[in-house]
Each structure stands twice: as C-alpha cells, then as structure tokens.
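Architecture at a glance
For reference, the chains in residue letters:
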Amino acid sequence: MVNNSPNMMSLKGLDGRFLLANRAYSRMLGVSEHAMVGTALEDYFTEDDASRIKQQDAVVLSCLEPRQFEESFSVGGSNFTMLVSKFPLFDSQGRPAGVGSVDTDITRSREEQQAKKEAEDKYWALVEQTLVGIYIMQDEKLVYVNPKLADIVGYPPQEMQNMALERLLPASEAGRIRLQIKRRLRENIQIMHYTTRAISSDGHLVDLEVHSRLVEYEGKPALIGVVVDISDRIAADTNLKLAAKVFENSAEGILILDADAHIIAVNHAFTRITGYEQGEALGKLSRIFADNGDATSQQMQQALALHGQWQGEMRDRRKNGDWYPAELSISLVRDDAGCHSNYVAVFSDITVRKQAEERLQFLANHDPLTRLPNRSSLISRLEQAIVEMSGEPGPLAVMFIDLDRFKLINDSFGHQSGDELLREIAIRLSNSVGERGLLARQGGDEFTLLLTEFADQAELAALAEDILAVLGRGLRLEEHEVCVTGSIGISVFPNDGTDARSLLKNADVAMYRAKDAGKNTYQFFDAEMNTQTFERLLLENGMRQALERGEFELHYQPQLNAASREMSGVEVLIRWRHPQLGLIQPLRFIPLAEETGLIKPIGDWVLQEACRQLKAWEQAGLYVPRVAVNLSARQFEQSTLVDNVARALQTTGLEAGRLELEITESMIMQNPVETVHQLGELKALGVWLSIDDFGTGYSSLSHLKRFPLDTLKIDRSFVDGLPDDEDSVAIAEAILAMSRKLKFSVVAEGVENAAQADFLELKGCTLLQGYHFGKPVPATEFPALAAQLSQSARLAIMADWQGGL
Ligand SMILES: Nc1nc2c(ncn2[C@@H]2O[C@@H]3COP(=O)(O)O[C@H]4[C@@H](O)[C@H](n5cnc6c(=O)[nH]c(N)nc65)O[C@@H]4COP(=O)(O)O[C@H]3[C@H]2O)c(=O)[nH]1
C-alpha cells in the first residue's frame with residue numbers, strides 16, 4: 001500500500017537518514033527504494049533545500065506533534081512544490097525516534113494558481129487604473145463601475161454600485177437608453193457606440209461617449225461599456241462652431257491675414273462692405289498695410305510692432321471705387337511657438353456715424369433756421385481771425401445787423417411767418433455779402449457779419465448802405481407787402497476792440513445807437529457810446545431797487561373840456577428821482593423798463609398810486625373827475641392785468657368810470673386777438689379805454705372800431721402844426737370827423753398855445769391837454785394848478801358871458 005501510494009512517503013531516524021522511502025519518493029529522486037535506506041537528504045537535494053527540510057523535521061521533533069508544510073525544492077533540474085505532512089516517530093518506550101512524512105505533489109496546482117493570480121492582477125490593473133471609464137450594467141443598474149468612471153461623474157465608486165439609470169442620466173436620456181437596451185437585448189445587438197450626458201454629483205452635465213457590448217455576466221445578459229468624458233471636446237467643438245458663426249454673422253467685416261498680409265479668410269460682412277466676393281479677396285495682399293504715406297499708416301505699423309494691436313479710423317475703397325470711412329481694429333496673432341503667424345482685422349463702415357457726426361457738427365455751428373453759421377461759430381472764426389492778424393492792424397471788422405420792429409411782425413403775422421421772413425432776409429444778406437465776409441445769425445433778428453477784406457471805413461460804410469438797401473426792399477408775407485428795415489453797428493479792429501468779446505459788444509452798442517438815431521441806418525462805434533452804455537447799465541441796475549426805495553413819483557397833467565375849459569381829468573406821468581442822475585423823464589427809462597420786464601411791477605404801482613391819489617384829493621376836497629394811466633405793451637402780456645386793475649380800484653375805492661387806461665395802436669396790433677379779449681374784460685370792469693398817440697401807427701379807424709374804445713388821443717406831432725400847417729390841419733380834421741362818426745371822444749395832447757386850443761375846440765375836439773393849460777406837476781403842486789385852472793375857467797365863462805352881453 002505504501003509503495004503504491006501516489007504520495008511520497010518516508011521515515012527518517014534521529015540522525016536524519018532515511019529508514020524507509022516508498023516508490024513514489026524514490027522515483028522522484030531517481031533511485032530505488034532500497035538504495036535510499038541509510039542515505040541522507042544531502043545525497044539528493046541541494047544544500048539549501050536539504051537544510052530547509054531538516055529544519056521542518058526539527059520543528060516536528062521539538063514539538064512532537066504532526067505539522068504541515070509547503071515545500072519547494074528542485075531535483076534533477078525540475079522544481080517541485082509539495083504539501084508535506086510530518087509526524088514524529090517513537091520507539092517502543094515512547095521515546096522520539098525520528099520523523100515520518102507524507103508529501104503530496106502540488107506543483108501543477110500551484111503553477112495554475114500563480115498564472116491565475118497574474119492574470120487577475122493584469123486585469124485589475126487594466127480596469128481599475130485605466131483612463132477610460134468602464135461599467136457593467138445589468139437589469140438597468142450598474143453592477144460595476146471602475147474608479148475612472150466614478151471619477152468622471154464625481155461619485156465614490158461604491159456609491160455607484162447598483163445605481164439606477166435615472167439617477168445618473170437626465171430623465172430624457174435615461175428613457176432613451178432604457179429603450180435602446182431593451183431593443184439590443186431583443187434584437188441581440190452586440191456592439192453599440194453612442195453619446196449621452198450624465199449628471200455629475202455636483203449637478204453639472206458631463207458629455208460622455210459610450211462603447212458598449214452585450215455580454216453574459218454571472219449567467220445573465222449584461223452590458224459592458226467603455227466611457228470617455230468628451231465634455232472638453234464638445235466644449236471646444238461648440239466654441240469652434242460659435243467662433244465660425246460669429247465670424248460669418250458678424251456685422252463687422254473680418255479679415256484674417258497671414259504674416260505677409262495675404263488674405264486667408266474673409267466673412268460675409270467683408271463682402272457686403274467692400275463689394276469684393278470671397279474668391280476675389282483670398283490670396284490677395286491686403287490694402288490695410290499699403291503705405292499711403294500718411295500718419296495713420298505709420299502709427300498702425302508702430303503700434304502693431306510695439307503692442308501687437310492698433311485701433312483707429314482709416315479710409316478704404318469699395319470695389320465700385322467709392323471711398324468710405326472705416327473703423328479698424330487689427331491684432332497681430334502669434335502661434336504656440338510665439339512666432340508671428342497672422343493678423344486679424346475687424347472693421348466697420350462708419351459712413352452713417354460720420355454723417356451723423358458731421359450733421360451734429362453742422363448743427364453745433366449753424367443756426368437751424370437760416371443754416372447760417374451761429375453765434376459760437378462766429379466767435380471762434382473771429383477769434384481765429386484776430387490770431388491770424390498777429391498784431392497787424394487789420395483789416396478786420398464786425399457788423400451787427402438788427403432788424404427794426406421785427407417783434408411787431410412776428411407778433412402780427414405769427415412765428416411761422418416770422419421764421420419765413422428771417423430765412424428770406426438771411427438769403428438776401430448772404431447774396432449781398434457774397435465773398436466779402438462771413439455772415440452769421442446771432443439769434444432772434446440779429447445777424448453778424450465778420451469782414452476781413454476791405455480797404456477802409458468808406459468801403460464798410462458802402463457795404464452797410466448796400467445791406468440797408470437790400471433789407472429795405474419789400475417782401476411778401478401772407479399776401480401782405482412787408483417792409484423791413486435794419487439798424488447796423490460796426491466795430492473795427494483794433495481801435496474798437498482787440499478781442500472778439502469787445503468787438504462784438506461795441507458793434508452791438510453802435511447798433512443800438514443806430515436804432516436811437518431813428519433806425520434804418522448804420523453807425524460806427526466810437527468810445528463815447530460806451531459812456532451811454534454805462535448810463536444804461538446804471539439805470540438798469542438802479543431801476544431794480546427804485547420801486548422799493550420809493551424813487552418813482554407821479555406827475556399829473558390836467559385835461560380840460562375843450563368847450564368849458566373846465567378840468568375834466570388828469571393824465572399821470574411817471575418820473576424817477578434818481579439819487580445820482582436827478583429827475584429822469586420816462587422816455588429815458590420806460591423803454592429800458594419794458595426791455596427788462598420791470599415795467600410790470602412799475603405799471604402796477606402807477607395804477608395803484610394814481611387811483612389812491614385821486615381818492616386822497618377827493619377826501620381833501622379836490623374832485624378830479626378822471627385819471628388817465630399809460631399802459632405798456634408788456635403789461636398786456638400779464639395774465640393778471642385785469643385782476644391788477646380791479647384790485648387797484650377795489651383797494652383804493654375809486655369808481656371804475658373814473659379810471660382811463662391809455663394804450664397805443666401798436667400794442668393792439670401786436671396781438672389783436674389777445675388784446676381784444678383783455679380790453680373786453682377791462683371794459684367790463686367799467687374803466688375807460690383810450691388810444692394814445694393816434695395817427696403815428698397804423699391809424700386804421702375802421703380797424704379800431706372792433707375794440708371797445710372810448711377815446712382817441714391825437715398825437716402831439718399833429719397838434720404841433722396847427723392851425724397853419726395844411727397837413728396837420730387835414731389830419732386833425734379827418735381824425736375828428738371820423739371820431740365823431742364812430743362816437744369816440746377825442747383828446748388833443750401837446751396843446752401849447754391858445755390858437756391850437758381854439759382850432760381844436762372849433763373842430764369839435766372833446767378834451768385838451770398841453771403846456772398851455774399846465775405842465776405835468778407833482779401831486780403836491782397839483783391842487784394849486786387845479787385851483788388856478790378853475791379860476792381861469794370861471795374867468796373865461798365870465799368873459800364869454802360879458803362878451804355875450
Ligand atoms: N412838448 C410838449 N410835451 C407835452 C405837452 N403836454 C404834454 N407833454 C408831454 O407829452 C407826453 C404825453 O404823454 P404820452 O404821450 O402818454 O407819452 C408818455 C408815455 O408814453 C410814457 N409814460 C409816462 N408815464 C408813463 C407810465 O406811468 N407808464 C407808461 N407805461 N408809460 C408812461 O412816457 C411818455 C412821455 O412822457 P412825458 O415825458 O411825461 O411826456 C408827456 C408830457 O409831459 C406839450 O404841450 N408840449
């Protein structure tokens with residue numbers, strides 16, 4: 001049995017020599033079993049192997065218990081691995097006598113195990129360490145994922161174990177893949193490649209490329225797949241597509257050039273802007289770098305060399321030969337090695353913007369109504385001209401042209417007609433001035449002329465005359481023939497100013513002087529004028545405080561019944577007792593008050609004071625039947641005029657029928673519609689209304705009929721020539737006759753002598769006013785004048801009466 005055992009068996013004595021070895025053992029060692037008896041391990045094994053086997057024997061002998069070992073050794077060039085069971089041998093007295101062993105040859109199975117382990121190690125290294133994700137999916141769940149796949153989607157691998165598709169993929173994708181799996185299983189589709197998107201643990205989407213195969217796993221169908229994260233590739237693809245889209249759809253022209261400025265790509269906008277098709281442009285040398293010899297080309301080259309980019313404006317030519325302004329931005333591109341490889345140029349056609357800029361520039365420097373240069377443009381041209389003079393005396397002059405009574409036209413015909421007139425005047429002036437100077441519109445009805453080419457003052461004067469003549473030619477406005485005149489002031493460099501401001505100011509001063517001189521004329525500036533301007537300034541400033549300081553006072557001039565010569569009223573005339581300039585007559589400050597608008601508070605004060613005075617006299621025993629107050633045109637602009645009149649009457653207690661308001665014809669003509677309305681309201685209060693200075697304006701009686709007027713005042717200039725001057729007589733008679741017809745009472749003003757008074761009385765004039773009866777006097781002196789007048793009247797009645805006897 002021992003000999004037939006496939007295991008190797010042996011017994012060894014305490015000296016390590018074989019007592020017995022079976023056939024299997026001796027066959028392995030290549031000797032007979034008999035020959036082995038008495039031999040030692042060293043006789044068959046290498047020194048190392050023998051020593052190791054001996055050590056095992058020693059272990060068994062020392063513990064005297066059976067033991068198992070795995071032993072490897074080589075015999076005759078072959079390696080063996082044995083599973084060795086060793087046990088101690090005892091003699092008949094129970095003393096240790098040696099070691100027995102039974103060895104099973106496990107060489108083959110050990111080799112197989114080793115091979116399997118190595119295969120497994122390789123497999124794990126491949127699957128676990130690989131750079132692609134790997135998974136096994138069964139029953140729509142992940143049964144295995146490698147670390148890389150877990151890493152791609154950001155989960156710990158163990159958390160993905162048994163993860164359902166829904167958790168890993170967006171709902172739509174999970175649904176799609178599930179259907180796909182079912183189909184694969186049904187139709188046994190082995191291999192499939194597809195892309196999908198997973199939701200990573202932090203919620204962002206990861207683009208995946210999947211290659212999967214149908215396999216059998218643990219006896220059931222499963223899918224094994226390799227997964228690659230293609231998010232970067234997709235993003236790069238997207239960026240590339242986007243860049244291509246931007247390139248093609250950009251509103252700006254884009255050119256890509258090689259390092260030698262040859263065109264290698266252009267977009268649609270390039271073709272749209274330049275007119276060149278892609279095929280015509282590619283391969284050609286770009287004109288961007290063509291040296292035009294101008295500063296822009298050089299600046300561009302320098303900036304590109306220095307900073308790698310340039311931005312600016314340049315001119316380019318379209319295929320059809322048209323030039324257009326372009327805004328260009330060009331950048332130098334370097335390759336990965338840092339070598340200059342390309343240029344990218346982006347440009348846009350800025351024609352529209354340039355036109356808008358030019359328009360803005362034009363508008364900033366021109367008057368939109370007449371399209372003439374405006375004030376600021378004139379000032380800069382004047383300043384430039386002064387600089388160009390560089391100290392030389394000239395020629396340089398400024399003419400200030402102001403239309404006379406333009407406001408009246410504007411108010412009578414409306415702003416539209418006013419504008420039309422200004423346009424026509426601008427054309428006339430431009431034609432008249434021609435190349436001789438720069439004509440600008442200063443604003444309103446003011447034009448300025450800058451002259452740099454003239455020989456002397458006489459030439460300037462001649463030009464001014466020409467301009468006045470041109471202005472004076474009548475023009476048609478709404479079917480009416482209108483005649484416009486102008487007043488011109490001239491200042492000459494350097495005598496009348498060495499800078500733009502003073503030249504303009506002094507031309508303006510001279511223009512006012514021309515107006516004062518009766519309009520429709522011109523004046524050269526002289527230094528004396530500034531003194532007057534100074535006075536004007538003094539008056540203007542002082543007037544603001546004059547009311548508060550009580551510097552205004554009213555003077556009263558009597559009006560007498562022409563027949564009875566009894567006082568029937570007074571006209572109040574304002575005076576200004578100026579602290580420095582003394583008593584100032586109204587004609588010196590009323591126009592200024594009207595210009596500055598101060599006439600409104602002043603006018604209100606006059607009304608109030610006149611009514612109060614009449615009442616005060618009445619209370620003192622002097623009854624003055626009526627007081628006439630002058631109203632200014634600007635007071636009519638006040639919407640509160642009627643209220644102010646009513647308040648004056650109410651606060652003073654004066655009866656409305658004792659107040660007469662004097663207005664001028666031109667006031668009515670300036671704004672007939674509004675004035676008729678206001679006059680109606682005033683009339684409704686019960687006050688009297690009279691037309692002052694009749695005969696100097698439009699003198700249209702039929703026109704005046706439309707207004708609720710009571711009285712006409714014949715202007716002093718007509719009374720002056722009475723009774724000898726034929727024209728004056730004719731006018732006075734005509735006015736009186738017509739007034740009678742229209743039932744107006746008539747006051748003649750400026751009656752300076754008895755002949756005038758008698759003539760007017762004879763012709764039916766109602767009231768008389770003038771120095772002949774009494775000059776305007778302060779309120780304090782008026783009672784004496786009134787007493788004197790009533791005395792004279794009584795005497796006259798008595799004389800008449802006596803004459804009658
Ligand atoms: N040579 C001469 N002159 C005579 C004679 N009789 C009267 N006058 C003057 O003729 C002017 C008559 O006043 P007006 O025509 O309403 O003309 C007035 C009136 O338009 C205006 N004015 C006077 N006071 C006021 C006022 O309170 N408000 C307004 N808005 N204007 C006023 O100032 C103008 C001038 O007023 P005054 O200088 O006071 O001049 C007054 C008066 O002094 C005469 O026989 N011979």
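To start, this report covers the structure provided alongside it. Every value quoted in this text rests on a predicted model; they were computed, and no experiment measured them. (Residues numbered from 1 in each chain as written. Predicted model: local features only at pLDDT ≥ 70, side-chain atom pairs only at ≥ 80, totals over all residues. Heavy atoms only, no water.)

Thoughts on the site of the ligand
As a reminder, the rule being used: Put simply, a residue is near a molecule or strand once any heavy atom of it comes within 4 Å of that molecule or strand. Contacts described as polar in this section are N or O atom pairs within 3.5 Å, which, within protein, must combine one atom able to donate a hydrogen with one able to accept it, while residues neighboring in sequence count only if both atoms come from side chains. Only the protein chains shown count as cover for residues, and the accessible areas themselves come from Shrake-Rupley with a 1.4 Å probe. Each helix corresponds to a stretch of at least 4 residues labelled H or I by DSSP, and each strand to a stretch of at least 2 residues labelled E; elements are numbered beginning at the N terminus.
Around the ligand lies a shell of 23 residues, among which Arg575, Asp692, Arg716, Glu752 and Tyr771 are the nearest. Between an oxygen atom of the ligand and a side-chain N or O atom of Glu571, the distance comes to 3.0 Å. In this structure, a nitrogen atom belonging to the ligand sits 3.1 Å away from a main-chain N or O atom of Ile574. Relative to its unbound accessible area of 790 Å², the ligand is 87% covered by the protein chains. Of all the elements in the fold, those that place two or more residues in the shell around the ligand are β24 (567-578), α20 (586-596) and β28 (688-694).

Quick word on the nonpolar core
Which entries qualify depends on this criterion: We define a nonpolar core as any set of buried Ala, Val, Leu, Ile, Met, Phe, Trp, Tyr and Cys residues linked to one another through side-chain atoms lying within 4.5 Å. Buried residues are those whose accessible area, probed at 1.4 Å on protein chains only, stays under 20% of the maximum for their type, while exposed residues exceed 50% and partly exposed ones sit between those limits. We call two residues in contact when some of their heavy atoms are within 4.5 Å.
Ranked by size, the top nonpolar core spans 78 residues in total, and within it Leu659, Leu661, Leu709 and Phe782 carry the most contacts. Every residue in contact with Leu709, bar those within four places of it in the chain, is listed here: Ile663, Ile668, Leu679, Leu689, Ile691, Leu704 and Phe744. With 35 residues, the next largest nonpolar core counts Ile401, Leu422, Phe454 and Leu475 among its residues.

Quick look at the sheet that holds strand β4 (residues 78-90)
Definition in use: If DSSP finds at least two bridges between two strands, the strands pair. Between N-to-C directions, angles cover 0 to 180 degrees, with each direction set by a line fitted to C-alpha atoms, over the stretch in contact for helices.
The strand order across the open sheet formed by five strands is β2-β1-β5-β4-β3, and the pairing between neighbours is antiparallel. Sheet topology places β2 (18-21) and β3 (67-75) at the edges, where each strand pairs with a single neighbour. Averaged over all neighbouring strand pairs, the angle between strand axes comes to 25 degrees, with direction disregarded. Bridging between β4 and strand β5 (residues 96-105) involves nine bridges; their strand directions are antiparallel. Bridged to Phe87 within β5 is Gly100. Packed on one face of the sheet, helix α3 (residues 47-63) meets β1 (8-13), β3, β4 and β5 and runs near 165 degrees to β3.

Observations regarding the sheet that holds strand β17 (residues 437-443)
Each strand in a sheet pairs with another by means of backbone hydrogen bonds, the pair being arranged parallel or else antiparallel. Sheet architecture is open: five strands sit in the order β17-β18-β16-β21-β22, paired in mixed fashion. Only two strands of the sheet have a single neighbouring strand rather than two, namely β17 and β22 (522-524). Ignoring which end each strand starts from, the neighbouring axes of this sheet average 20 degrees apart. Sheet strands touched by helix α14 (residues 375-389): β16 (397-403), β17 and β18 (446-451). Its angle to β17, the strand with the most contacts, is close to 140 degrees. In this fold helix α17 (residues 457-472) packs onto β16, β18, β21 (486-492) and β22, with an angle of close to 160 degrees to the strand it touches most, β21.

Notes on the pairing of strand β26 (residues 627-630)
The sheet contact formed by β24 and β26 spans three bridges and is parallel. Across the sheet, Val570 pairs through a bridge with Val627, a residue of β26. In this sheet, strand β27 (residues 659-664) lies alongside β26 in parallel orientation, the contact comprising four bridges. The residue of β27 that forms the bridge with Ala628 is Glu660.

Description of the pairing of β27
In terms of burial, β27 is a largely internal element, five of the six residues being buried. The sheet contact formed by β27 and β28 spans five bridges and is parallel. Looking across to β28, one finds that Leu661 is bridged to Leu689.

Quick notes on the packing of helix α15 (residues 406-413) against helix α16 (residues 415-433)
Here is the rule we go by: Oblique is the label for any angle not under 35 degrees, not over 145, and not in the 65 to 115 range, which are roughly parallel, roughly antiparallel and roughly perpendicular in turn. Residues were grouped as follows: Ala, Val, Leu, Ile, Met, Phe, Trp, Tyr, Cys and Pro as nonpolar; Asp, Glu, Lys and Arg as charged; and all remaining residues, including Gly, as polar.
Two elements in contact, α15 and α16, have axes whose closest approach is 6 Å; the angle formed by their N-to-C orientations is 135 degrees. Looking at the two axes, α15 sits oblique to α16. Across from Phe406, Ile409, Asn410 and Phe413 in α15, the residues of α16 making contact are His415, Ser417, Gly418, Leu421 and Leu422. Partitioned by chemical class, the residues of the contact of α15 with α16 number five nonpolar, four polar and no charged.

Overview of the pattern of salt bridges
Heads up, the condition is: Criterion for a salt bridge: a side-chain nitrogen of Lys or Arg within 4 Å of a carboxyl oxygen of Asp or Glu.
Using the criterion set out here, one finds 44 salt bridges in the structure. Note that Glu553 and Arg577 form a salt bridge whose closest N and O atoms lie 2.7 Å from each other. Taken together, the residues span a long stretch of sequence, with Glu553 in strand β23 (residues 552-561) and Arg577 in strand β24 at a distance of 24 residues. Take Arg577: its relative accessible area is 44%, and that puts it in the partly exposed class. A single salt-bridge network, built from bridges that share partners, covers Lys12, Asp57, Glu71 and Lys86.

What to know about a negative patch on the surface
As a reminder of what qualifies: Like charges within 9 Å and nonpolar side chains (Val, Leu, Ile, Met, Phe, Trp, Tyr) within 5 Å are joined into patches, using only residues over 30% in relative accessible area that form no salt bridge. Charged-residue counts in this description rest on Lys and Arg as positive and Asp and Glu as negative, His and the chain ends being excluded. Charged groups are reduced to one reference atom each: NZ for lysine, CZ for arginine, CG for aspartic acid, CD for glutamic acid.
Residues Asp720, Asp724, Asp725, Glu726, Asp727 and Glu752 make up a contiguous surface patch of negative charge. In this fold, Asp720 is placed in helix α27 (residues 716-720). Note on Asp720: relative accessible area 52%, which makes it exposed.

What is shown is where atoms sit, not what they do.
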